[in-house]
Amino acid sequence: QAKHLGTHGVQLHDPSMTDRRKADSLLAEDLAGALDRDELHVLYQPLVDLTDSRPIGVEALIRWRHPRLGLVSPADFIPIAERTGTITAIGLWVLETACREITRWDGLYVSVNLSPRQLQEPTLVQDVLGVLARTGLAPDRLVLEITESALVDESAGIAMLQEFREHGIRVAIDDFGTGYSSLHYLTRLPVDILKIDRSFVAELNGTPEGSGITEAILRLSQVLHLTAIAEGIETAEQAAELQLLGCGVGQGYLFARPLPPTELQDLLLSPSPRPSSLS
Ligand code: C2E
Ligand code: MG
Ligand code: MG
Ligand code: MG
């Protein structure tokens with residue numbers, strides 16, 4: 001660690017920066033062995049039909065149980081994995097785990113996040129097809145989520161998306177509207193689904209100002225024949241307004257948190273769709 005800090009000596013006068021760097025490089029070391037030590041697991045958050053709250057799919061979300069620090073958020077460790085390159089192995093492990101576990105639930109699809117670095121791997125398409133072959137999951141039950149930043153100026157990445165779609169795998173743009181890409185560019189991407197970022201869902205308050213961006217994204221998805229999925233729905237009011245605006249699918253704590261497989265199983269077996277707050 002001393003060597004690492006030494007090379008960044010200019011920042012030594014800033015203790016918070018130094019601590020941050022030290023913590024990050026320690027986390028990076030731990031993360032490199034986390035897979036082998038079995039510290040990673042995958043949770044599944046339902047994606048529901050907003051008309052009846054029934055799950056139609058799930059998003060796979062990784063979790064890391066650090067032996068000393070406890071649960072570390074993916075928002076904290078995915079960027080590190082991305083920087084050090086461990087994301088390649090971790091990403092494939094999530095994909096394989098999610099594809100294997102989803103085969104238990106007929107009729108549900110699984111949506112898996114891909115990080116920008118994975119899209120730069122020349123073997124990605126082959127790797128994904130290998131996972132489908134090994135797990136026996138039909139390609140139409142897999143969605144790959146990418147952020148728009150992963151695709152800026154990446155013609156190789158765009159070609160891969162096209163290949164995925166030719167194999168029947170769907171592609172979603174995650175956190176839509178939060179990047180800096182032009183709409184013109186985004187409307188030309190080979191994708192199937194736009195996920196409306198939760199910052200826009202949080203603004204919904206029954207006024208035209210509150211719903212402006214969400215309405216614009218919904219209109220855009222209609223014109224382009226894409227499915228829109230609203231992220232981060234926390235209240236029945238937001239769900240009701242999204243339905244009024246014509247959004248068919250949603251995800252959020254109102255319906256369910258990211259769940260371990262056993263709890264997802266319980267939820268799927270529960271007789272009545274919950275919550276019944278949407279009418
Ligand atoms: P994301 O892909 O946009 O995933 C949605 C995030 O919103 C998840 O956070 C989820 O738990 C959270 N969320 C869902 N409903 C609500 C809600 O109603 N309110 C609020 N406030 N939050 C909600 P999570 O699981 O902490 O993941 C954070 C991010 O980490 C993900 O954002 C994704 O970018 C990344 N990530 C997670 N798992 C993976 C993975 O396996 N691979 C890669 N590359 N990235 C991942
Ligand atoms: Mg996502
Ligand atoms: Mg998202
Ligand atoms: Mg998000």
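Note that the structure is predicted; figures quoted are calculated from it, not measured.

### Quick word on the nonpolar core
Counting residues in hydrophobic clusters, the biggest one holds 68 residues, and the most contacted among them are V110, V112, L142, F164 and I233. Considering every element that reaches this core, the biggest residue donor is helix α4 (residues 87-102), with seven residues. Setting aside residues up to four positions removed in sequence, F164 forms contacts with L124, V125, V128, L144, I169 and V171. Ranked by size, the runner-up nonpolar core spans seven residues in total, among them Y109, A172, I229 and V249.

### Topic: the pairing of strand β6 (residues 170-176)
Along β6, five of the seven residues are buried, which leaves the element largely enclosed by surrounding structure. By the bridge criterion, five bridges tie strand β5 (residues 142-147) to β6 in an arrangement that is parallel. Counterpart to L144 in the pairing with β6 is V171. Across three bridges, β6 lies against strand β7 (residues 193-196) in parallel orientation. Paired with A172 across the strands is I193, a residue of β7.

### Some details on the packing of aromatic side chains
Here the structure, examined in full by the defined rule, presents one aromatic pair. With 5.4 Å between their ring centres and 80° between their planes, W64 and F77 make a pair best called edge-to-face. Of this pair, W64 sits in strand β2 (residues 54-66) while F77 is found in helix α3 (residues 74-84), placing the two residues 13 residues apart along the sequence. Judged by its relative accessible area of 0%, W64 is buried. Lying across the ring of Y109, R170 places its NZ or CZ 4.7 Å from the centre.

### Focus on the layout of surface pockets
For the largest pocket, the calculated volume is near 1,000 Å³. What lines the largest pocket is a set of 35 residues, among which E59, L61, P74, N113 and D174 lie closest to the centre. For the lining of the largest pocket, the secondary structure elements donating two or more residues are β2, α3, α4, β5 and β6.

### A word on the pattern of salt bridges
Considering all chains together, one arrives at eight salt bridges under this definition. Between R68 and D30 there is a salt bridge, with the nearest N and O atoms lying 3.6 Å from each other. Separated by 38 residues along the polypeptide, R68 in the loop between β2 and β3 (70-72) and D30 in helix α2 (residues 15-34) bring together distant segments of the chain. Take R68: its relative accessible area is 66%, and that puts it in the exposed class. Overlapping salt bridges, with partners in common, bring together R20, D24 and R83 in one network.

### Some points on the site of ligand 1
Around ligand 1, the surrounding shell holds 22 residues, and the nearest of these are R63, N113, D174, E234 and Y253. Here a nitrogen atom of ligand 1 sits 2.5 Å away from a polar atom, N or O, in the side chain of E234. For ligand 1, the protein covers 84% of the area, taking 800 Å² as the surface of the free molecule. Most atoms of ligand 1, that is more than half of them, are within 2 Å of grid points of the largest pocket. Only β2, α3 and β6 provide two or more residues apiece to the shell around ligand 1. At four residues, β2 tops the list of elements feeding residues into the shell around ligand 1.

Each value, and the rule that gives it
Residues numbered from 1 in each chain as written. Chains lettered and ligands numbered in written order. Predicted model: local features only at pLDDT ≥ 70, side-chain atom pairs only at ≥ 80, totals over all residues. Heavy atoms only, no water. Core = buried A, V, L, I, M, F, W, Y, C linked by side-chain atoms within 4.5 Å. Buried < 20%, exposed > 50% of the residue type's maximum accessible area, 1.4 Å probe, protein only. Helix = DSSP H or I, 4+ residues; strand = E, 2+ residues; numbered from the N terminus. Contact = heavy atoms within 4.5 Å. Pairing = 2+ DSSP bridges. Phe/Tyr/Trp six-rings, centres within 6.5 Å; stacked < 30°, edge-to-face > 60°. Lys NZ or Arg CZ within 6 Å of the ring centre and 35° of its normal. 1 Å grid on protein atoms, 1.4 Å probe; cavity = no way out; pocket = protein on both sides within 12 Å on 5 of 7 lines; lining within 4 Å. Points joined across faces, edges and corners; volume = space filled by probe spheres on them. Salt bridge = Lys/Arg side-chain N within 4 Å of Asp/Glu carboxyl O. Near = heavy atom within 4 Å. Polar contact = N/O pair within 3.5 Å; in protein donor to acceptor, adjacent residues only side chain to side chain. Areas by Shrake-Rupley, 256 points an atom, 1.4 Å probe, with all protein chains shown as cover. Sits in = over half its atoms within 2 Å of the grid points.

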